[in-house]
Amino acid sequence: MSILATHAADLAGLADRGRARRLIARSGTDLSSNDYLGLAASPVLTRAVADALARGVPVGSGGSRLLRGNHPEHEALEAEAAAFFGSEQALYLSSGYAANVALFATLPQRGDLVVHDALIHASAHEGMRLGRAEVRAAAHNDTGAVAETITAWRRAGGTGRVWIAVESLYSMDGDRAPLADLARLADTHDAFLLIDEAHATGVFGRGGRGLADGIDGRDNVVVLRTCGKALGCEGALVCAPAIVCDFLVNRARGFIFSTAPSPLMAAAARAALRLLADEPERRVRLAALVAEAGRLLEPFGATVTGSQILPLVLGEDVRTMQVAGRLQAAGFDVRGIRPPTVPAGTARLRLSITANIDADDLAALAAALPAALA
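No experiment lies behind these values; they were computed from the predicted model shown. (Residues numbered from 1 in each chain as written. Predicted model: local features only at pLDDT ≥ 70, side-chain atom pairs only at ≥ 80, totals over all residues. Heavy atoms only, no water.)

Draft legend 1. Layout of the packing of aromatic side chains. Under the defined criterion, the tally for this structure stands at 2 aromatic pairs. Here Phe84 and Phe85 contribute two aromatic rings whose centre-to-centre distance is 4.9 Å and whose plane-to-plane angle is 85°, an arrangement assigned as edge-to-face. Phe84 gets classed as buried once you look at its relative accessible area, which sits at 12%. What makes Phe85 buried here is its relative accessible area of 4%. Between the NZ or CZ atom of Arg176 and the centre of the ring of Phe204, over which it lies, the distance is 4.4 Å. A cation over an aromatic ring shows up here: Arg209 above the ring of Phe84, its NZ or CZ 4.1 Å from the ring centre. (Phe/Tyr/Trp six-rings, centres within 6.5 Å; stacked < 30°, edge-to-face > 60°. Buried < 20%, exposed > 50% of the residue type's maximum accessible area, 1.4 Å probe, protein only. Lys NZ or Arg CZ within 6 Å of the ring centre and 35° of its normal.)

Draft legend 2. Summary view of the nonpolar core. Membership of the largest hydrophobic core comes to 81 residues, with the highest contact counts inside it found for Ile164, Leu193, Ile195, Leu297, Leu327, Leu349 and Ile353. With residues up to four places along the chain from it excluded, the contact list for Leu297 reads Ala302, Leu310, Leu351, Leu365, Ala366 and Leu369. Counting residues in each nonpolar core, the second largest holds 26 residues, with Leu91, Ile120, Trp163 and Cys245 among its members. (Core = buried A, V, L, I, M, F, W, Y, C linked by side-chain atoms within 4.5 Å. Contact = heavy atoms within 4.5 Å.)

Draft legend 3. A look at the pattern of salt bridges. Scanning the entire structure with this criterion turns up 17 salt bridges. In the salt-bridge network here, residues are joined through shared partners; they are Arg55, Glu73, Glu80, Arg270 and Arg274. (Salt bridge = Lys/Arg side-chain N within 4 Å of Asp/Glu carboxyl O.)

Draft legend 4. Broad picture of the sheet that holds strand E11 (residues 336-337). The strand order E9-E12-E11 describes an open sheet built from 3 strands, whose pairing is antiparallel. Each end of this open sheet is capped by a strand with a single partner; those strands are strand E9 (309-315) and E11. Two elements, E11 and strand E12 (residues 347-352), share 2 bridges in a ladder whose sense is antiparallel. Bridging from a neighbouring strand, Gly336 pairs with Leu349 of E12. (Pairing = 2+ DSSP bridges. Helix = DSSP H or I, 4+ residues; strand = E, 2+ residues; numbered from the N terminus.)

Draft legend 5. Quick look at helix H12 (residues 317-329). With 13 residues, H12 extends 19 Å between its outermost C-alpha atoms, agreeing within 8% with the 18 Å of an ideal straight helix rising 1.5 Å per residue. Those residues of H12 that sit buried are Thr320, Val323, Ala324 and Leu327. Looking down the long axis of H12, one finds its buried residues gathered within 100° of arc, a one-sided arrangement. Among the structural elements, E9, strand E10 (332-333), E11, E12 and helix H13 (359-373) are those in contact with the buried residues of H12. Immediately downstream of H12, the backbone of Gly331 shows phi near 100°, a positive value. (Expected span 1.5 Å × (residues − 1). Arc of directions from axis to C-beta.)

Draft legend 6. Broad picture of the packing of helix H2 (residues 43-54) against helix H10 (residues 263-278). Two elements in contact, H2 and H10, have axes separated by 8 Å at closest approach and are oriented at 135°. In terms of their interaxial angle, H2 and H10 are classed as oblique. Considering the relative orientation of H2 and H10, their crossing is right-handed. Residues Val44, Leu45, Ala48, Val49, Ala52 and Leu53 of H2 lie in contact with H10, whose contacting residues are Leu264, Ala267, Ala268, Ala271, Ala272 and Leu275. A breakdown of the residues in the contact of H2 with H10 according to their chemical character gives 12 nonpolar, no polar and no charged. (Axes fitted to C-alpha atoms, helices over the stretch in contact; angles between N-to-C directions. Parallel < 35°, antiparallel > 145°, perpendicular 65-115°, else oblique. Left-handed = near helix turned anticlockwise from the far one by under 90°. Nonpolar A, V, L, I, M, F, W, Y, C, P; charged D, E, K, R; others polar.)

Draft legend 7. Examining unusual backbone geometry more closely. Going from Pro339 to Pro340, the amide bond is cis rather than trans, its omega being 10°. With respect to the helices, strands and loops of the structure, Pro340 is situated in the loop between E11 and E12. The phi torsion at Asn141 lies on the positive side, around 55°, for a residue other than glycine. With respect to the secondary-structure elements, Asn141 resides in the loop between strand E4 (134-138) and helix H6 (143-155). One non-glycine residue, Asp190, adopts positive backbone phi at about 50°. For Asp190, the location among the structural elements is in the loop between helix H7 (179-188) and strand E6 (192-196).

Draft legend 8. Looking closely at helix H11 (residues 281-297). Under the 1.5 Å per step criterion, the end-to-end length of H11 is 24 Å for 17 residues, consistent within 8% with the ideal 24 Å. Within the span of H11, buried status applies to Arg283, Leu286, Leu289, Val290, Ala293, Gly294, Leu296 and Leu297. End-on, the buried residues of H11 take up no more than an arc of 170°, which puts them together on one face. Seen from the open side of H11, the exposed residues pointing more than 90 degrees away from its buried face are Val284, Ala291 and Arg295. The inward-facing, buried residues of H11 abut H10, E9, E12 and H13.

Draft legend 9. Representation of the environment of Ile150 in the model. Tracing the sequence through the fold places Ile150 in helix H6. Taking the relative accessible area as the measure of exposure, Ile150 reaches 0% and is therefore buried. For the pair formed by Ile150 and Arg136, sequence separation is 14 residues and the distance between their alpha carbons is 9.1 Å.

Following this line, the structure appears as C-alpha cells:
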C-alpha cells in the first residue's frame, strides 16, 4: 500500500541489513528468559491467583488507579512491598518499562540534571526524552565519571537537582553497579539516586531484596523493582519516599492515564514476595547453577560475571545470529543480541541461567557449543 510505503521501505532496509526482528515461539531448553527463580509457572503463584479469583478478585481493574481501577490487592501489595524492601512507600505500575518512563519523565524538573550510566535501559532513555531535565551520560560503572560530570555541570552554571541513574545489575553484561559508592556520591552532591533493580530483585540481597538492600529507605533514593522477572508475574514497584510516590500519582501521565494492572497480578506478586522469604533454597540452587555455568562456559569465551547473566560476545552481527540459530536447532533457546541493544561490535549470545534448567542441561549446552561456534 502506497500509504505505508515509508514503513515498507524501512522494513525492507532492516531485512537487507539482516536486522529485521520477528516473533518466534518459545521452544527448547530455557537459556534466554528472565524467569530466574522459575516462578512463572510456579504452583505457588497459580494457587495465589486461583485463591484470589475464589474470593472475588476481578480479572481486570476496570480503569485507571485514580478512577475505579484501584483495588485492595494493589494497596496490599504496595504495603507489603514497602515493608519487605524497607522503603517508606511503594507504588505498583503495569511494567518496568512504564515505570521507568514515568520516573524519568516526571521526577527530574526543568533546570535539573540527569546523569545516567552509558548502558542504562532503553526505557530510561525514553523517559528522559519525554522529561524536562538536562541529560548527560557517564562511562559505564565509573563513579568518578559521574562525579566529574556533576562538577562540570555545576561549574557551567547548573543550579538544579542532580539525579544519578543506574541499573544495579546490567541485563546484557551481567555486571553490577558500585551502589555504595554512588550512594555516597549522591549524599555529597545533595543528589537523588535512581536504581533499576530489575535483574537483581529476587536473586541477590537478604531474602532476595536485591543489590540495593540496605540503601532503601533513604530520603534521596528511588528503587524500581520489576515483578516480571525473578518474581514470575507482571508489573513493577517503585519503592521510594512517600512524597515521591504521591508526586507520581499526581503528575506521572503514564500512571494517571493508564488502566491499572490486573488485581490478580498484584495477588501473584504478593505471593512471590512471601515465597522469597519462605523458600531461600531457590536462590541457593540458582547460585549453584550460575557457578556451574561459569565453570563450563568460560572456556568458550563466556564472561563469568558472578550473576545469572553470562554474555558470550562474538562481535559480528551475522555470526552471532548464525551461532544462535545452530544452538536453537540443537534444542537450546539461546538468543543473539545485536546493536543497538548492545554497543556496535559487541553482538553476543546472552546466556541467562534460571531455575528452569539443571546441571545436565548446562553440560549439554557445553557439549553443543564447539559445533555451533565452528
